[in-house]
Protein chains: 2
Amino acid sequence: MKQAIHLAKPTVIFIMGVSGVGKSTIGALLAKQLEIPFFDADDYHSEANILKMSQGQPLTDHDRHDWLHALNTLAVAQLKTNSCIIACSALKASYRTILETTIAAATKWVFLHGSFQQIKERMQHRSHHFMTSDLLQSQFDTLEIPQNALSIDIHVSPEEMVAKIQENLPLKAQFGLIGLGVMGKSLCRNLAQKGVRISMYNRHVPEVEEDIAINFKKEFEELSSALPFDDLPAFVNSLKTPRKIMLMVNAGTAIDAVIENLLPFLSQGDSIIDGGNSNYKKTKERFEFLKSKGIHFIGAGVSGGEEGALKGPSIMPGGNAKAYQQVQPFLERIAAKDKNGVPCCSYVGNEGSGHFVKMIHNGIEYVEMQLLADVYTLLKAKGNTPDQIADILETWKSTKNSYLLEITCTILRKKEGDDWLVNKIMDTAGNKGTGNWAIIATAELGVPSTLIASALFARYASFYKAERVAANKQFNPQQHTAPKSSLEDLHKAYQFARIINHYQGFKLIQEASERFKWALNLSELARIWTNGCIIRSDYMIELATIFKTTHNLFAHQNTVQALKARKSAIQKVVAESVLHELPIPSISNAIHFFTGYTTANSSANLLQAQRDYFGAHTYQRKEDDTGQYYHTDWQQH
Amino acid sequence: MKQAIHLAKPTVIFIMGVSGVGKSTIGALLAKQLEIPFFDADDYHSEANILKMSQGQPLTDHDRHDWLHALNTLAVAQLKTNSCIIACSALKASYRTILETTIAAATKWVFLHGSFQQIKERMQHRSHHFMTSDLLQSQFDTLEIPQNALSIDIHVSPEEMVAKIQENLPLKAQFGLIGLGVMGKSLCRNLAQKGVRISMYNRHVPEVEEDIAINFKKEFEELSSALPFDDLPAFVNSLKTPRKIMLMVNAGTAIDAVIENLLPFLSQGDSIIDGGNSNYKKTKERFEFLKSKGIHFIGAGVSGGEEGALKGPSIMPGGNAKAYQQVQPFLERIAAKDKNGVPCCSYVGNEGSGHFVKMIHNGIEYVEMQLLADVYTLLKAKGNTPDQIADILETWKSTKNSYLLEITCTILRKKEGDDWLVNKIMDTAGNKGTGNWAIIATAELGVPSTLIASALFARYASFYKAERVAANKQFNPQQHTAPKSSLEDLHKAYQFARIINHYQGFKLIQEASERFKWALNLSELARIWTNGCIIRSDYMIELATIFKTTHNLFAHQNTVQALKARKSAIQKVVAESVLHELPIPSISNAIHFFTGYTTANSSANLLQAQRDYFGAHTYQRKEDDTGQYYHTDWQQH
């Protein structure tokens, strides 16, 4: 069955209006553009009717009865395989009723209209037509103006008229989106606001998820031309080929279930975009699987939360570069823009690289959040209220602002009654998986991402609330800070730790890039993270420039100077926090990492000796640069 | 083809000796025990020979010729399907040559002998025999004593004689071991020393691994009755059913390859023990796969290194409890013994639990090693030589000794020329996978194992040798300690950190036990780690007792007192190390973890607010113990 190419569903478009209004011209033009057949009702008169008309006799309603039924039969037959356009004056409501018998739901009425004078003048230019002024007047007299038709004024050019009609037809959508959760809905609205014709699908789960798409469409004006579905084949069929379908469903088996359900209805060359936080290894598997089916798969990290998704997220698409070109215009249109107006969306690399960098983005995010939590711990211990803490943090914005710093100020000022809301929130932090995966990746790749670990484990430890309260009673720590370290020290410690965090995050990306041969562009990644995403910051803008010249942040003089200028401050802050029993895991581990990293001769020689002693694991020697391995019988004297 | 049940390979056992020595009695008894057929040569004489003998005429060699050939034919035919025993006087070497024609390699000669007087007396009690003293004398005269036979003196009971013969037969082995690397060889020797009949297999790789098993057997006397193979079917066939085969090959795909190669030759009910450091998830998969084939699979962690494997390792077997009973006697026999003489080998739990706890054992080991490396860093920074450091560490043994403390002292004293060997070892530490896996497990289970992470990442960071040297030049840290913290402080800091390490390790095991429903016994695990393994220590002996009453180490008063008494010391040591830029990642993270753990109200409330702000992730409230989730529009004033 040949499917309609452009129309969202098989439709009969009746172009109606008085003689001479231009039905055939417009109908033929529209049919050509929509690639569907065009029929002129005049061609379907019986011989008797033709004879009557050629003799100048007006047709009675009785004469018209069989003709209208014949046209209805034609329309019904056409609908079985395709859409079509039928030009027919259909002046009376009763005629129109016959024409759309049994197919009213699939019928679209287009009513062409102009003034008597206008049409009369036109007709005088058309010598072949046998219409007189009297006949035209009788048409105007007969005309019952339709209520449910699209009215098109003929004073503009035929091209403009056809464009106007197309705008109002249920055309196939340019882009489909599956899964109308918080992020999915925001992306739909973003797409629609950017003028993209979208289809939106949400599954139907009785009494749990019902009419999600339809109700969502009703809620927002920008979705007026969006097509809502809870029927998957209809959704797929509503999309222009090659189809572009974005999945915004829960990462994990839900993705595979949706893909499995979609597959029978897709065509070679269609593209699926997974915009969720999928595991990059799974993305690679899906990429390979769908490749074998001739379907493109783009694993795209999307960051920005609900607001970012609506106003412009940062998008990190990975997969086949050529396939990406098909979806590029849509993703770039909805993405945030950097300070130069360039979209914060850029092809990342092959396989699951898009989801990999999103995972590390989230790892960096975990740490940036924990660093602010560490700062909050210290400022609270100094006796500040949340408002006072916000006051202090406000002053930090001028140096190097960040989205997370900004929202933290807003959060700290939020009151509920006489107290600050933050004081009332339970201190057990959740996580959605990407943090764990980042740690798994760093373990597998052999990269020391100590800060992501510190932030992740701080969240894990927060879950032992009851144990913590019991231990607090048991050990009774004295958790307050002496006034030794200044606010400036704390600010510097925070800045120092942020540099270490970004060093580690990009280092992990760089190592993965080399291991998986992804050839990732660190500078471009930093650039698409300068806006739209949760870790956007003034520092990220600097990094986009720095990474143009080096992969190693620590080799850049800006970094060297920034760290040197802040080192003694973070040492003071961490030493003090240890002595005063204040937990600041991420700030602490930042200086620990730095100390280890700047140690030319570490204690790992002892570890190697131990390993060789009990496991005969052998070791290398400092003075032997051939890298040869040695084994010693350590017990022999 | 019915295989021999007890004999390692199809064998013809000829029981020879003069008439009246007891060949038939012994042959029949032995045949019954080995479950193979018994034949009496006298039953194979021709009618002519029988007539001659009944007339009292001695047989000539010519008479015997056909008879001996008939017996050889019988033996050859038997060998095609099974072993057998043939009782035959076979007094002359030439007779024996005929008997073993073409089957010499599969022939075992057993020579029964006694004095003339002894046999004569015996015969007088046997009325049915037609032997006279003269005839007996002629037999003694004819006898040519065999050189390659097992000589059995008939002065003991038939049962004792049969036992003696069995000892000297190539009996099927009780236990098989595949993979003769460092650990595999040590386990083989250990098994053989404990009197276990083993078969040993190592693959044949031309020019790389040739005759490994045969050469290994030659090297050690205790392996004299061990059977060496490089042919897998022969190895399998040499094992008594149900077979017990231990794999000591590299973890990973090598295990699967060996299992695949083994499977066609195994029988229902056989057991495979994987004694390598396999990933516990893979062990579960293999367990399920082999279960479907009717084969038992035991994933057994084995710790102790080369020396432990030889003298008695700690063994952590997991899998089906009933299947374990089959291999239990062997594993317990080779395991180390605890202070009460009980084997350091105990059934851990179902599925991959044995390999899981071995992985955590190694995680604890990583940390114990890093803590000593941290101590070494600080003592070195105080200006001590390796010998002086060893002197200090020696004094720590009396408080709480450990295997790793002991070997560290030995290592530090080892000199090469005028310098200490440890000074010459390259400071880039390796790792074999279990450390990474422990971190992956802790991430997946949501447990904050900060110390394993610190130790693993210290090893990872050690690999950036060139970067570290460059950064050291660039940042020029002043790495020395002021005399503020005493040796006693350092000792206390070390002890404090060891408690945190063991808390975290057992906590991770406990969480896994609950998640996977393994019902692990922490006290018993601590007990089997009190000897044989790398983390054996006086503290582990304490833990075996403590875990009898609680799963939560921090809830035990001994621990509370021990931590309280050492807290200010570790605070001082860590604060000082931060100020003096000395990297002691594991000691540092021990106090950080403790500080976080004893914080009743953490900063995670701010994290939850941030997550709710940008991702609508919701939060719980302190005053609402229903656990309800809330969402706030943070931007609304």
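This one's a predicted model, so the numbers in the text were calculated from it and none came from an experiment.

Colleague: Is there a simple way to explain the environment of Asn261 of chain B in this structure?
Modeller: Residue and element names in this part refer to chain B. Tracing the sequence through the fold places Asn261 in helix α11 (residues 253-262). For Asn261, a relative accessible area of 45% gives the class partly exposed. The spatial distance from the C-alpha of Asn261 to the C-alpha of Leu232 is 8.0 Å, given a sequence separation of 29 residues.

Colleague: I would appreciate a short explanation of the domain arrangement of chain A in the present structure.
Modeller: Frequently, the measure chosen for interface size is the accessible area that the parts lose on association. In terms of domains, chain A is made up of domain 1 (12-167), domain 2 (175-351), domain 3 (358-596) and domain 4 (601-637). One C-alpha centre belongs to domain 1 of chain A, the other to domain 2 of chain A; they are set 41 Å apart.

Colleague: I keep staring at the relation of the copies chain B and chain A and nothing clicks. Help me out?
Modeller: Superposing the two chain copies requires a rotation about an axis and a translation along that axis. Take chain B, turn it by 179°, move it 0.0 Å along the axis, and it overlays chain A with an RMSD of 0.4 Å. In the structure described here, the two chain copies are related by an operation that fits a two-fold rotation axis. Of every C-alpha in chain B, the one belonging to Ala575 of chain B sits nearest the axis of rotation, 2.0 Å from it. Looking at the interface residues of chain B, 100% of them are also at the interface in chain A, so both copies use one shared face.

Colleague: Would you take a moment to explain the packing of helix α20 (residues 450-462) of chain A against helix α22 (residues 487-516) of chain A for this structure?
Modeller: Helix packing for two helices is described by the angle between their axes and how far apart those axes are. All names here are of chain A. In contact at an axis separation of 8 Å, α20 and α22 are set at 110° when each is read in the N-to-C sense. By the angle class used here, α20 and α22 are roughly perpendicular. Mapping the contact onto sequence places Thr450, Leu451 and Ile452 in α20 and Ala497, Ile500, Asn501 and Gln504 in α22. Residues of the contact of α20 with α22, tallied by class, amount to 4 nonpolar, 3 polar and no charged.

Colleague: Which parts of the structure should I look at to understand the interface of chain B and chain A?
Modeller: The interface of chain B with chain A comprises 115 residues on the first partner and 116 residues on the second. At the surface where chain B touches chain A, the tally comes to 6 salt bridges. Between Arg621 of chain B and Glu416 of chain A there is a salt bridge, with its nearest N and O atoms 2.2 Å apart. Broken down by element, the side of chain B that touches chain A gets its largest block of residues, 11 residues, from helix α24 (residues 557-579) of chain B. Each residue belonging to the side of chain B that touches chain A can be placed in one class, and the counts come to 51 nonpolar, 39 polar and 25 charged.

Colleague: Teacher, can you tell me more about the pattern of salt bridges here?
Modeller: Any two side chains of opposite charge can pair, so long as their charged atoms come close to each other. Residues and elements named next belong to chain A. Going through the model one piece at a time under the given rule, you end up with 58 salt bridges over all chains. The salt bridge involving Glu209 is made with Arg203; its shortest N-O contact spans 2.7 Å. Here Lys424 and Glu416 are joined by a salt bridge, their closest N and O atoms 3.0 Å apart. Salt bridges linked by common partners bring Asp387, Asp391, Glu394, Lys397 and Arg413 together as one network.

Colleague: Help me out: how do you make sense of the environment of Ala77 of chain B in this one?
Modeller: Take Ala77 of chain B: it is sitting in helix α3 (residues 61-79). Considering only alpha carbons, one finds Ala77 of chain B and Met540 of chain B, 463 residues apart in sequence, at a separation of 61 Å.

Colleague: What's the story with helix α17 (residues 403-413) of chain A in this structure? I'm lost.
Modeller: Owing to its 3.6 residues per turn, the α-helix aligns residues three or four sequence positions apart on the same side. With 8 of 11 residues buried, α17 of chain A lies mostly within the body of the structure. Listing the buried residues of α17 of chain A in full gives Tyr403, Leu404, Leu405, Ile407, Thr408, Cys409, Ile411 and Leu412 of chain A. The secondary structure elements touched by the buried residues of α17 of chain A are α15 (353-381), α16 (386-397), β14 (419-420) and α18 (421-424) of chain A together with α26 (604-615) of chain B.

Colleague: Would you mind going over the nonpolar core with me for this structure?
Modeller: Inside soluble globular proteins, nonpolar side chains tend to come together where they are buried. If you look at the biggest cluster of nonpolar residues, it comprises 216 residues, and the most contacted ones within it are Phe356, Phe506, Ile509 and Trp529 of chain A together with Phe506 and Trp529 of chain B. With sequence-adjacent residues up to four places away left out, Phe506 of chain B is seen in contact with Leu522, Leu525, Ala526, Trp529, Met540, Leu543 and Phe547 of chain B.

Colleague: Whenever I open this one, α20 of chain A confuses me. Can you help?
Modeller: Compared with the 18 Å implied by 1.5 Å per residue over 13 residues, the 18 Å span of α20 of chain A between its first and last C-alpha is a close match. With 13 of its 13 residues buried, α20 of chain A lies for the most part within the structure.

Colleague: What exactly am I supposed to notice about the pairing of strand β11 (residues 296-303) of chain A here?
Modeller: The two faces of the sheet receive side chains in turn, since in a regular strand these alternate between them. Residue and element names in this part refer to chain A. By the criterion of burial, β11 is predominantly enclosed, with 7 of the 8 residues buried. The sheet contact formed by strand β10 (residues 271-274) and β11 spans 4 bridges and is parallel. What sits directly across from Ile272, in β11, is Phe297. Where the polypeptide runs from β10 across helix α12 (residues 280-292) and back to β11, its parallel neighbour, the crossover connection is right-handed. Relative to strand β12 (residues 314-318), β11 runs antiparallel, the two sharing 5 bridges. Considered in β12, the bridge of Gly299 is made with Gly318.

Colleague: Where do I start with the packing of aromatic side chains in this structure?
Modeller: Ring pairs (aromatic) are described by centroid distance and by the angle formed between their planes. A full pass over the atoms with the stated rule returns 56 aromatic pairs over all chains. Between Phe39 of chain A and Tyr44 of chain A, the ring centres sit 6.4 Å apart and the planes meet at 80°, which makes this aromatic pair edge-to-face. The exposure class of Phe39 of chain A is buried, given its relative accessible area of 15%. Relative to Phe547 of chain B, the ring of Phe506 of chain B has its centre 4.6 Å away and its plane inclined at 40°; by these criteria the two rings are tilted. Of the two residues, Phe506 of chain B sits in helix α21 (residues 487-516) while Phe547 of chain B sits in the loop between α23 (538-546) and α24, which places them 41 residues apart along the sequence. Taking the ring centre of Tyr366 of chain A as reference, the NZ or CZ of Arg459 of chain A above it sits at 3.7 Å. Note that Arg536 of chain A overlies the ring of Tyr403 of chain A, its terminal NZ or CZ placed 4.1 Å from the centroid.

Colleague: Would you explain unusual backbone geometry in this entry?
Modeller: Glycine aside, residues mostly have negative phi, and peptide bonds are mostly found in the trans state. All names here are of chain A. In this structure, Pro242 follows Thr241 across a cis peptide bond, with omega equal to -10°. Structurally, Pro242 is set in the loop between α10 (232-237) and β9 (244-247). One non-glycine residue, Thr102, lies in positive phi territory at about 70°.

Colleague: Sorry, what's going on with a negative patch on the surface here?
Modeller: Residue and element names in this part refer to chain A. A surface patch of negative charge is lined by Glu207, Glu210, Asp211, Asp230 and Asp231. If you trace the backbone, Asp231 turns up in the loop between β8 (227-229) and α10. By relative accessible area, Asp231 is classed as partly exposed at 38%.

Colleague: Would you explain the sheet that holds strand β1 (residues 12-16) of chain B in this entry?
Modeller: Within a sheet, adjacent strands bond to each other through the backbone by hydrogen bonds, running parallel or antiparallel. All names here are of chain B. Spatial strand order, β2-β3-β1-β4-β5: 5 strands in an open sheet with parallel pairing. Each edge of the open sheet carries a strand with a single partner, namely β2 (38-40) and β5 (150-153). The mean angle between the axes of side-by-side strands here comes to 20°, regardless of whether they run parallel or antiparallel.

Rules of the game
Per-chain numbering applies: the sequence of each chain, read as written, is numbered from 1 onward. Written order decides the labels, with chains lettered from A and ligands numbered from 1. Where totals are concerned, whole chains, interfaces and linings use all residues; where local detail is concerned, this predicted model gives features only for residues with pLDDT of at least 70, and gives and counts side-chain atom pairs only at 80 or more. Side-chain metrics in this entry use all non-hydrogen atoms of the structure; hydrogen atoms and water are not considered. What counts as a helix is a DSSP run of H or I of at least four residues, what counts as a strand is a run of E of at least two, and both are numbered from the N terminus. Only protein chains enter the accessibility calculation, which uses a 1.4 Å probe; a residue whose area is less than 20% of its type maximum is buried, one above 50% is exposed, and one in between is partly exposed. Residue ranges for the domains trace back to a domain assignment, done automatically or taken from a database. The copies were overlaid by least squares, fitting only the C-alpha atoms of residues that reach a pLDDT of 70 or more in each copy. The contact criterion used is simple: two residues touch if any of their non-hydrogen atoms lie within 4.5 Å. Inter-axis angles, ranging from 0 to 180 degrees, are taken between N-to-C directions of lines fitted to C-alpha atoms, where helices are fitted over the stretch in contact. By definition in this entry, angles of less than 35 degrees are roughly parallel, angles greater than 145 are roughly antiparallel, angles of 65 to 115 are roughly perpendicular, and the rest are oblique. Residues are grouped as follows: nonpolar covers Ala, Val, Leu, Ile, Met, Phe, Trp, Tyr, Cys and Pro; charged covers Asp, Glu, Lys and Arg; every other residue, Gly included, is treated as polar. When a carboxyl oxygen of Asp or Glu lies within 4 Å of a side-chain nitrogen of Lys or Arg, that pair is called a salt bridge. The term nonpolar core refers to a set of buried residues drawn from Ala, Val, Leu, Ile, Met, Phe, Trp, Tyr and Cys, joined through side-chain atoms within 4.5 Å. By this rule, a helix spans an expected 1.5 Å times one less than how many residues it contains. Any two strands with at least two DSSP-identified bridges between them are counted as paired. Crossover handedness is defined by viewing with both strands directed away from the observer: a clockwise path from the first strand over the helix to the second marks the crossover as right-handed. Classification of ring pairs rests on two measures: the distance between centres of Phe, Tyr or Trp rings, Trp counted by its six-membered ring, which must be within 6.5 Å, and the angle between planes, read as stacked under 30 degrees, edge-to-face over 60 and tilted in between. By the criterion adopted, a ring carries a charge over it if an Arg CZ or a Lys NZ lies within 6 Å of its centre and within 35 degrees of its normal. Patch membership requires over 30% relative accessible area and the absence of a salt bridge. Like charges are linked within 9 Å, and nonpolar side chains (Val, Leu, Ile, Met, Phe, Trp, Tyr) within 5 Å. Each accessible area value is a Shrake-Rupley result obtained with a 1.4 Å probe; residue values ignore everything except the protein chains displayed when judging cover. When charges are counted, neither His nor the chain ends are considered; positive counts come from Lys and Arg and negative counts from Asp and Glu. Here the site of a charge means atom NZ of a Lys, CZ of an Arg, CG of an Asp or CD of a Glu.

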